[in-house]
Amino acid sequence: MTAAFGVVSISASVRSGEVRALDVLDAHLEVVASHEAGVHAFNEVTAEQARVAASMIDGIVAGGGDPGPLAGVPIALKDNLCTAGTPTTCSSKILQGWHPPYDATVVQRLAAAGAVFVGKTNLDEFAMGSSTENSAFGPTRNPHDQTRVPGGSSGGSAAAVAAGFAAGALGSDTGGSIRQPAALCGVVGAKPTYGLVSRYGLIAFASSLDQVGPFAMSVADAAALLDVISGPDPMDSTCLGEATARSASRLGSGVEGLRIGLITEMQGAEGMADDVKARLALAADALSGAGAKVDQVSVPAVTFGLSAYYLIAPAEASSNLARYDGVRYGLRAPGSADITDMYLRSRSAGFGDEVKRRIMLGTYALSAGYYDAYYGQAQKVRTLIVKDFAAAYENFDVLLSPTAPSTAFEIGAKSADPLTMYLNDVFTIPSNLAGHPAVSVPFGVGDDGMPIGVQVLAPALAEPLMFQVAEVLESLAPPAPLSASRRSLRALGAPADRGAAL
Amino acid sequence: MSTEPVVPAPSSGWETVIGLEVHCELRTQTKLFCGCRNSFGEEPNTNVCPVCLGLPGSLPVLNRAAVEYAIRIGAALHSTVQASMFHRKNYFYPDMPKDYQISQYDVPINAGGWLTLPGGRRIGIVRAHLEEDTGKTTHVGGGGRIHEATRSLVDYNRAGVPLVEIVSAPDMRSADEARAYVDELRAILVATGASDGKMEEGSLRVDANVSVRPAGSEEFGTRCEIKNMNSLRSLGRAVDYEVSRQIQLIESGGVVSQETRHWDEGAGRTASMRSKEEAYDYRYFPEPDLVPVDPPEEWVASIKASLPPMPSERRERIAEMSGLPAGSEAVVTVVRLGLDDLVEAVGAQGADTKSVGGASPAVAAIAVKRAANEVASDLAGAANLERSSFAKLVRMESSGQLTSAQARTVLKSMLEAGGDPEVIAEGLGFEAMESGGLEAIVDDVIAAHPEEWARYSEGEDKLAGFFIGHVKQATQGKADLKSASALLRSRR
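Residues numbered from 1 in each chain as written. Chains lettered and ligands numbered in written order. Predicted model: local features only at pLDDT ≥ 70, side-chain atom pairs only at ≥ 80, totals over all residues. Heavy atoms only, no water.

Let's shift gears to the overall build of chain B. When you go through chain B residue by residue, the secondary structure sums to 16 helices and 15 strands. Expressed as a percentage of its 492 residues, the buried residues of chain B come to 52%. In chain B, 70% of the contacts between residues at least 6 apart in sequence involve partners at least 24 apart. Just so you have it, chain B exposes about 21,900 Å², and 50% of that area is on carbon and sulfur atoms. Averaging the locations of the 52 positively and 69 negatively charged side chains of chain B gives two centres separated by 2 Å. (Helix = DSSP H or I, 4+ residues; strand = E, 2+ residues; numbered from the N terminus. Buried < 20%, exposed > 50% of the residue type's maximum accessible area, 1.4 Å probe, protein only. Contact = heavy atoms within 4.5 Å. Areas by Shrake-Rupley, 256 points an atom, 1.4 Å probe, with all protein chains shown as cover. Lys, Arg positive; Asp, Glu negative; His and termini not counted. Charge placed at Lys NZ, Arg CZ, Asp CG, Glu CD.)

Put into structure tokens, the structure is as follows:
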């Protein structure tokens, strides 16, 4: 159904000369032109640079060369990934006017593989949030229903893919920021094992949790993107030193005989909607029907995940965000009396409420006399979660849970109550704390017709197995409609035969 | 100087306690966490990149050469080199690009250790850890301090330069001892190759923790941390001032409060920078962008094996060769100036009995004295001094062929213009005593008085005069009496 506009299919057609990269790009830019004003997925659309890049790809193909595995694939980049010369804002006023002098490693790798960048996508300021409402540039809207949020913090990237603005996108996931918006927008979103993908050029929120990962319309496309961006990087000391098996290496292997665990603690959680619960049960049955052995499994420590996360992430953020002080770049409040005044006024004016809240939380958690009780204790919980997951993986190959407790909620519905908002990440956070991979796969719609996602969790570096199961789940999912804007993507023709459907 | 405040002599009955924190810039090619050049005195903000400027999205990658230097320093200070990790030290300051410093906290790369002062005192080392340097701020207008300035200029060339901070135990008891410690530490750092030891360029920076307590007390007094001393002289002055200030304060009924104080070189006094209450809460936590440092044992062993002898070992060696005390000025000078190879050369040319390294103690002692006096006072000339010629000269003096005054004259000429000591001596008309003539005479005198020699040998030192008298007689007063004495001692 969407194959023609998938990552793998676009690249195959462009490489073979069947379609031109420029035509692929223009088709997507037309949808951007007609629908972006309503969705607001982008902080900046980089149409001009994209056209230059696409023409270059076409030139390479015309010259008999190979532009790479992502030849001509239109990609959207979360606006916390550094792009040389293009503003990178983190959707914050504090980075006003800053143009990075360098590309993030993942951006370099996509470009080297022939990808074409459509634009920089909106996010919750500094990736702090679950709805993309905490953006200094206004919220992104869900392409399936513009009165609802797309999730967050990578809401712009999820929405861009769901809306047909791009074939794929990159986001960052610190506590669920790829998987939750993927679920709410009806696309595939994966958070890789910590260290699989370089963080160089990803503007840090919480360094020990942040990972860059892909969004796409299919599991195979997400795996293909991940395979391009993953791998060792001498610029990131926390990046794994050796290459690992390709994420797409086990696609098409089925689930026959695999042991799949349904996480008990993630089924009866507080605030979990009935339709989400029902879809999860359906997913478990479907996998069972496909030959997997599905059973309940308890991972007790995951219930402490949320509390631990909201100490560790703000603590690291309070330090990571200290550099936005008005001294070297970004916003500097004018007319300050002295250096302290300049710090206070610049940071007060530059940061939004949620960012300030987390900086204060984190500063407190690290303070002398409180460190052991808060940060230290949270790190112990982290160890406990790793231990409990390890125990579960002794008996199971992968684990299953909902991605988010509910379908996309109305814009403004939770913005007044941070704690309710934080609960959105309750199922996704444990994977970040453990450093394990997890992927959200669309699995039908809820009672309101909005997309629902099911999460496949796997042990560290078990991406091939994770995508293997996710692909089966995808093939068994109940039908879900594409967004109106994605449906409006026009069919592409070969250069010599315009008009014929691909 | 008229600005010098009157510093009263400290009253007796007080003991000074000093601990020092020395920051040593490492002589690596590149910075601690990026590939920028580590170089002093260049155009501001030319050796910078996204990493050392702390630009959003950049990440640190540890420089292996800096770890190696840190290990060399640790090994030279008898520290335990251990698996370690980095922490973030959080505070806001414009010359710190990330508004945190990557440093080591509770698990430093080097734990414990000591160094030995020339006088033999051992000063404990608490730790020697790796960290990054900050940029350099110049405050324009006002008194050059941040709060008085109209504007500030920041140069980030130094930001990210690797430092090792060496924290001593509170083992020093006087300003002189503090200076001796820094002097010795500097020599060690230079010997390891880790540092150029230039205090005036800021590649070695010293902070002093100073307190006083009633003599005999076990408890420490409240300490103050003194910053901004940029020479050994100002370290000594600052400590002396601070000690007097604290004693005066206590004796007049006051209480020393824990604080950081700034040494004002011009005014010759320390002034409060911030009190304990105003002290920063650095909110240390493990640096998540770096992995723990766990140097393989074989690597550490090979680094240790590659270290040259340290100054204290070299002093011991020269002391052993010459019979002079290791802490004597001559020995200390010879080692400090790296002239011990001249002494070794004298040994290498001979095969004296009862010797360490080939030269008898008397001969080696002459070599030490000539090196510590004539050579040390003409270091430019020393560069041209042939080791073998120096050795020959010392042999000529020790054998009595030249008197010590003649030897000094010949040596000065060698330092000025080079040349062979025998030729120079002849040219100066110094009457050549037959080679080995004095030795033969001394031996004859000894042989002629076996009874006195036995008594002298057993320790009756006053008999030296008896023998020297006979030697004087036998040579009709031409013998160099110092050489004769030395020969006499060497045969005992």
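The discussion continues.
Now for helix α6 (residues 329–336) of chain B. Of all the residues in α6(B), the buried ones are Val331(B), Val332(B), Thr333(B), Val334(B) and Val335(B). Looking one or two places after α6(B), you find Gly338(B), whose phi comes out positive at around 70 degrees.

Residues and elements named next belong to chain B. Only one face of strand β8 (residues 136–140) is buried: it carries Thr137 and His139, and the other face, with Lys136, Thr138 and Val140, is open. Inspection of the sheet shows β8 paired to strand β9 (residues 151–155) by five bridges, in the antiparallel sense. Bridge assignment links His139 to a residue of β9, and that residue is Ser152. (Pairing = 2+ DSSP bridges.)

Before going further, it helps to examine the pattern of salt bridges. Inspection of every chain in the model, using the stated rule, returns 47 salt bridges over all chains. Taking the shortest distance from any N to any O, the salt bridge between Arg88(B) and Asp289(B) comes out at 3.1 Å. Here the residue Arg88(B) occupies a position in strand β3 (residues 87–90), and Asp289(B) occupies one in the loop between β15 (285–286) and α4 (297–305), the gap between them amounting to 201 residues. Both residues of the pair, Arg88(B) and Asp289(B), count as buried. Salt bridges sharing common partners tie together Arg199(A), Arg88(B), Glu287(B) and Asp289(B). (Salt bridge = Lys/Arg side-chain N within 4 Å of Asp/Glu carboxyl O.)

A word on the sheet that holds strand β2 (residues 74–78) of chain A. Residues and elements named next belong to chain A. The strand order β1-β3-β2-β4-β6-β5-β10-β11-β9-β7-β8 describes an open sheet built from 11 strands, whose pairing is mixed. Sheet topology places β1 (42–45) and β8 (293–297) at the edges, where each strand pairs with a single neighbour. For this sheet, the mean angle separating the axes of adjacent strands, direction not counted, is 30 degrees. In this sheet, β8 lies alongside strand β7 (residues 259–263) in parallel orientation, the contact comprising five bridges. Paired with Gly261 across the strands is Asp295, a residue of β8. Of the strands in this sheet, β5 (188–191), β7, β9 (398–402), β10 (438–445) and β11 (451–457) are in contact with helix α15 (residues 463–476), which crosses β10 at around 5 degrees. (Axes fitted to C-alpha atoms, helices over the stretch in contact; angles between N-to-C directions.)

Bringing the pairing of strand β10 (residues 162–168) of chain B into the picture now. All names here are of chain B. Here β10 lies mainly inside the structure; seven of its seven residues are buried. Taking every second residue as pointing to the same face, both faces of β10 are buried, with Pro162, Val164, Ile166 and Ser168 on one and Leu163, Glu165 and Val167 on the other. Two strands pair when backbone bridges link them, and strand β1 (residues 14–25) and β10 are joined in this way by five bridges, in the antiparallel orientation. In the strand pairing of β10, Glu21 is matched with Val167.

Here we take up the nonpolar core. Judged by nonpolar contacts, the single largest core of 136 residues is most densely connected at Phe126(A), Phe389(A), Leu399(A), Leu20(B), Ile166(B), Tyr181(B) and Leu235(B). With nine residues, helix α9 (residues 305–320) of chain A is the largest single contributor of residues to this core. Setting aside anything within four residues of it in sequence, one finds Leu235(B) in contact with Leu20(B), Ala178(B), Arg179(B), Val182(B), Val206(B), Ala208(B) and Met229(B). Formed by 95 residues, the second largest nonpolar core is a distinct cluster that contains Ala21(A), Val24(A), Ala284(A) and Met466(A). (Core = buried A, V, L, I, M, F, W, Y, C linked by side-chain atoms within 4.5 Å.)

All right, on to the layout of surface pockets then. All names here are of chain B. As a volume, the second largest pocket reaches approximately 670 Å³. Ranked by residues supplied to the lining of the second largest pocket, first place goes to helix α16 (residues 481–491) with eight residues. Tallied by class, residues from the lining of the second largest pocket come to eight nonpolar, nine polar and 12 charged. Taken domain by domain, the lining of the second largest pocket gets at least three of its residues from each of domain 2 (311–427) and domain 3 (435–490). (1 Å grid on protein atoms, 1.4 Å probe; cavity = no way out; pocket = protein on both sides within 12 Å on 5 of 7 lines; lining within 4 Å. Points joined across faces, edges and corners; volume = space filled by probe spheres on them. Nonpolar A, V, L, I, M, F, W, Y, C, P; charged D, E, K, R; others polar. Domains from an automatic or database assignment.)

Turning next to the interface of chain B and chain A. How big an interface is tends to be reported as the loss of accessible area on association of its parts. Listed by partner, the interface residues are 32 residues for chain B and 39 residues for chain A. Surface buried jointly by chain B and chain A totals about 2,800 Å² across both partners, of which 58% is contributed by carbon and sulfur atoms. Interface area lost by chain B to chain A is led by Pro56(B), Leu59(B) and Arg283(B), which between them contribute 23%. Seen at the junction of chain B and chain A, the total is two salt bridges. Here Asp289(B) ties to Arg199(A) by a salt bridge, and the two come within 3.0 Å at their closest N and O atoms. Linking chain B to chain A there are 17 residue pairs in polar contact (both at pLDDT 80 or more). Elements supplying a minimum of two residues to the side of chain B that touches chain A: β3 and β15 of chain B. (Buried area = accessible area lost by both parts, 1.4 Å probe. Polar contact = N/O pair within 3.5 Å; in protein donor to acceptor, adjacent residues only side chain to side chain.)

We now examine the domain arrangement of chain B. The domain boundaries assigned to chain B delineate domain 1 (14–305), domain 2 (311–427) and domain 3 (435–490). Look at where the C-alpha atoms of domain 1 of chain B and domain 3 of chain B centre, and you get two points 57 Å apart.

With that settled, the discussion passes to unusual backbone geometry. In this chain, Gly152(A) is followed by Ser153(A) through a cis amide linkage whose omega measures 15 degrees. With respect to the helices and strands, Ser153(A) occurs in the loop between β3 (116–121) and α5 (155–162). Phi angles above zero are rare outside glycine, and Phe126(A) is one such case at about 55 degrees. When you line up the elements, Phe126(A) lands in the loop between β3 and α5. The residue Arg283(B) is not glycine, and still its phi comes out positive at about 45 degrees. Locating Arg283(B) in the fold gives a position in the loop between β14 (269–275) and β15. Exposure remark for Arg283(B): the relative accessible area of 13% places this residue in the buried category.

All names here are of chain B. For helix α5 (residues 311–322), built from 12 residues, the straight-helix expectation of 16 Å at 1.5 Å per residue is met to within 8% by its first-to-last C-alpha distance of 16 Å. Within α5, burial applies to Pro311, Ser312, Arg314, Arg315, Ile318, Ala319, Met321 and Ser322. Packing partners of the buried residues in α5 comprise β6 (114–116), α2 (175–192), α6, α7 (340–348) and α8 (361–375). Two residues or fewer past α5, Gly323 is found with a positive phi of approximately 75 degrees. (Expected span 1.5 Å × (residues − 1).)

Next up on the list: the state of the cysteines. Under the counting rule described, the total for this entry stands at zero disulfides over all chains. No disulfide involves Cys82(A); its sulfur sits 7.6 Å from the nearest other cysteine sulfur, which is in Cys90(A). On the basis of relative accessibility, which here comes to 0%, the residue Cys82(A) falls in the buried class. With no disulfide of its own, Cys24(B) lies closest to Cys34(B) among cysteine sulfurs, the gap being 18 Å. Taking the relative accessible area as the measure of exposure, Cys24(B) reaches 0% and is therefore buried. (Disulfide = S-S within 2.5 Å.)

Its location among the elements puts Lys98(B) in the loop between β3 and β4 (100–103). Under the relative-accessibility criterion, Lys98(B) is labelled buried at 9%. A polar contact of 2.8 Å, which involves the side chain of Lys98(B), links it to the side chain of Glu132(B). Setting aside residues no more than four positions away along its own chain, Lys98(B) makes contact with Ser319(A), Ala322(A), Arg323(A), Gly54(B) and Glu132(B).

Bringing empty space enclosed by the protein into the picture now. Rolled over the atoms, a probe sized like a water molecule indicates the empty space that remains. Tallied over the full model, the rule gives six cavities of 30 Å³ or more. Quantified by volume, the largest cavity comes out at close to 100 Å³. The residue makeup of the lining of the largest cavity, split by class, is eight nonpolar, three polar and five charged. In this model, the second largest cavity occupies a volume close to 70 Å³. Lining the second largest cavity are Leu202(A), Ile203(A), Ala204(A), Asn320(A), Arg323(A), Tyr324(A), Pro56(B), Gly57(B), Ser58(B), Leu59(B) and Asp289(B).

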